[in-house]
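Take a look at the letters that make up each chain.
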Amino acid sequence: MSKEENGTEKTTPESLSRRDVLKGLAITAGVVAVGAVTGVNPIGAAHAAGKCPGTTPKAALQYRPHPNGKDHCAVCANFIAPHCCKVVAGSVVPDGYCLAFIPKPA
């Protein structure tokens, strides 16, 4: 990680390791699996409470607020309308795109 002028560490895409990205994806998959086994939908509950469930930093997944050709958040299996994602931390836009993109089944 790089240091900012005030001495705090700044996360950049170059500073995130493959291990960090995989760890974030594994945690998300674990939450979904527990919800499936117990019959509780933790992602839906978090979203209903106004919190997006994603935990992986946008920089780690190279999130951007514009599409990659025809691929964009609104047609991704991880997208939770209107502005959340199961993987990406924070709010996302329907026209955005990241490396966690998985097309919704037809």
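Structure first, text after, so check above.
The present account deals with the structure reproduced in this document. Computed from a prediction, not measured in an experiment: that's the story for all the values here. Sequence positions are assigned chain by chain, starting from 1 and proceeding in written order. Restriction of local features to residues with pLDDT of at least 70 applies here, the model being predicted, together with a cutoff of 80 or more for giving and counting side-chain atom pairs; totals for whole chains, interfaces and linings are based on all residues. Only hydrogens and water are set aside when side-chain values are computed; all heavy atoms of the structure are taken into account.

A few points about the overall build of the chain
Check the secondary structure of the chain and you find 2 helices and 4 strands. Scanning the chain from its N terminus toward the C terminus, one meets helices and strands in the order β-β-α-α-β-β. By element, 60% of the accessible surface of the chain is carried by carbon and sulfur atoms, the whole surface being about 6,700 Å². Strands are runs of DSSP state E lasting at least two residues, helices are runs of H or I lasting at least four, and both sets are numbered from the N terminus onward. The method behind every accessible area is Shrake-Rupley, applied with a 1.4 Å probe, and residues are considered shielded solely by the protein chains displayed.

Observations concerning the nonpolar core
Judged by nonpolar contacts, the single largest core of 15 residues is most densely connected at Leu61, Val88, Val92 and Cys98. Not counting chain neighbours up to four residues away, the residues in contact with Leu61 comprise Val21, Thr56, Val87, Val88, Cys98, Leu99 and Ala100. By nonpolar core we mean a set of buried residues, namely Ala, Val, Leu, Ile, Met, Phe, Trp, Tyr and Cys, connected to one another through side-chain atoms within 4.5 Å. Using a 1.4 Å probe on the protein chains alone, a residue whose accessible area is under 20% of its type maximum counts as buried, one over 50% counts as exposed, and one in between counts as partly exposed. Only heavy atoms enter the contact rule, under which two residues are in contact if any of them lie within 4.5 Å.

Here's the deal with the environment of Ala100
Within the element layout of this structure, Ala100 appears in the segment after strand 4 (84-85). Once the C-alpha coordinates of Ala100 and Asn78 are considered, the two residues, 22 residues apart in sequence, prove to be 7.9 Å apart.

Section: empty space enclosed by the protein
Points on a 1 Å grid over protein atoms alone make up a cavity when a 1.4 Å probe fits among them but cannot get out, and a pocket when they form an open set with protein on both sides within 12 Å along at least five of seven lines; lining residues each have an atom within 4 Å of a point. Grid points are joined across faces, edges and corners, and a volume is the space filled by probe spheres set on the points. Counted according to the given criterion, the structure contains 1 cavity of 30 Å³ or more. Here the largest cavity defines a volume of roughly 80 Å³. In terms of lining, the largest cavity is formed by 14 residues, of which the most central are Cys73, Cys76, Cys85, Cys98 and Phe101. Split by residue class, the lining of the largest cavity holds 11 nonpolar, 3 polar and no charged. Three classes are used, and their members are as follows: Ala, Val, Leu, Ile, Met, Phe, Trp, Tyr, Cys and Pro are nonpolar, Asp, Glu, Lys and Arg are charged, and the others, Gly among them, are polar.

As for the packing of aromatic side chains
Note on ring pairs: Phe, Tyr and Trp rings are taken, using the six-membered ring of Trp, and paired if centres are within 6.5 Å. Classes follow the plane angle, with under 30 degrees stacked, over 60 edge-to-face and the rest tilted. Inspection of every chain in the model, using the stated rule, returns 1 aromatic pair. Seen from their ring centres, Tyr97 and Phe101 are 5.8 Å apart, and the 40° between their planes marks the pair as tilted. Each member of the pair, Tyr97 as well as Phe101, is classed as buried.

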